[in-house]
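# Tertiary structure, described
Letter by letter, the chains look like this.
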Amino acid sequence: MSAVGLRGLIMRLDKRVEALLPQRIRAVWNHPAGPKTIFFWAPSFKWALVIAGIADVVRPPERLSVYQSSALAATGVIWSRYSFVIIPVNYNLFSVNIFVAATGFFQLSRIYMYRKSLKELPPTEEAETAETGKTPAA
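Quick caveat, the model's predicted, so the values are computed rather than measured.

### Re the overall build of the protein chain
- Across its full length, the protein chain holds 6 helices and 0 strands.
- The secondary structure elements of the protein chain, listed N-terminal to C-terminal, are α-α-α-α-α-α.
- When burial is assessed residue by residue, the protein chain has 22% of its 138 residues classed as buried.
- Pairs at least 24 residues apart make up 61% of the contacts formed inside the protein chain by residues separated by at least 6 positions.
- Counting only carbon and sulfur atoms, one obtains 68% of the accessible surface of the protein chain, whose full area is about 10,400 Å².

Below, the structure written as structure tokens:
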């Protein structure tokens, strides 16, 4: 089937589906950022990053990556801003990126609190003996 024939088939199928939709849903169907465009599907699949970030909440903070969490936070902030600059304004892209940024910042805060708690721990006897070279008195 040629590209022209496939395009015609898709357009006919689109008209049939559109005729079955209620008026309120038809507006969403034909929106410039609706389900017939990449502007809808790319942010929809990006929710997987949010799910992965939420799944990392149970991961011990010593196993979290600062670089990965920073990248998620930065891209979430950047793309949230971008979603209002592009035409059409994409609220789906905005919402997913706010959550991506939030999960990134949350993981960064967990890493920070964990590393801060390590500095506040009193040194153990083993660490003291390793530093001084003396054996502890029994």
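### Considering the packing of aromatic side chains
- Following the criterion strictly, the structure yields 6 aromatic pairs and no others.
- Judged by centre distance (4.8 Å) and plane angle (90°), the rings of Phe40 and Trp41 are edge-to-face.
- Of the residues examined, Phe40 reaches a relative accessible area of 25% and is grouped as partly exposed.
- Every member of this aromatic cluster is reached through a ring pair, and the members are Phe40, Trp41 and Phe45.

### Section: the pattern of salt bridges
- Per the counting criterion, the structure on display carries 2 salt bridges.
- Ionic pairing is found between Lys36 and Asp14, a salt bridge with its closest N-O pair at 3.1 Å. In this pair, Lys36 is assigned in the loop between helix H2 (23–29) and helix H3 (38–55) and Asp14 in helix H1 (residues 3–20), connecting sequence segments 22 residues apart.
- Residue Asp14 is classed as buried on the basis of its relative accessible area of 18%.
- Across the salt bridge formed by Asp56 and Arg59, the nearest N and O atoms sit 3.6 Å from each other.

### Quick look at the packing of H3 against helix H5 (residues 91–120)
- For the pair H3 and H5, interaxial distance at closest approach is 9 Å and the crossing angle is 20°. It follows that H3 is roughly parallel to H5 by the angle criterion. The handedness of the crossing between H3 and H5 comes out as left-handed. When H3 is examined against H5, the residues Phe40, Pro43, Ser44, Lys46, Trp47, Leu49, Val50, Gly53 and Ile54 are found in contact with a partner set consisting of Asn92, Leu93, Ser95, Val96, Asn97, Phe99, Val100, Thr103 and Gln107.

### Describing H3
- Here H3 spans 26 Å end to end across 18 residues, near enough to the 26 Å set by a 1.5 Å rise per residue.
- Considered for burial, the residues of H3 that qualify are Pro43, Lys46, Val50 and Gly53. For H3, the buried positions fall inside an angular range of 85° around the axis, keeping them on one side. Opposite the buried face of H3, by more than 90 degrees, sit the exposed residues Phe45 and Ile51.

So, how was this worked out
- Residues numbered from 1 in each chain as written.
- Predicted model: local features only at pLDDT ≥ 70, side-chain atom pairs only at ≥ 80, totals over all residues.
- Heavy atoms only, no water.
- Helix = DSSP H or I, 4+ residues; strand = E, 2+ residues; numbered from the N terminus.
- Buried < 20%, exposed > 50% of the residue type's maximum accessible area, 1.4 Å probe, protein only.
- Contact = heavy atoms within 4.5 Å.
- Areas by Shrake-Rupley, 256 points an atom, 1.4 Å probe, with all protein chains shown as cover.
- Phe/Tyr/Trp six-rings, centres within 6.5 Å; stacked < 30°, edge-to-face > 60°.
- Salt bridge = Lys/Arg side-chain N within 4 Å of Asp/Glu carboxyl O.
- Axes fitted to C-alpha atoms, helices over the stretch in contact; angles between N-to-C directions.
- Parallel < 35°, antiparallel > 145°, perpendicular 65-115°, else oblique.
- Left-handed = near helix turned anticlockwise from the far one by under 90°.
- Expected span 1.5 Å × (residues − 1).
- Arc of directions from axis to C-beta.

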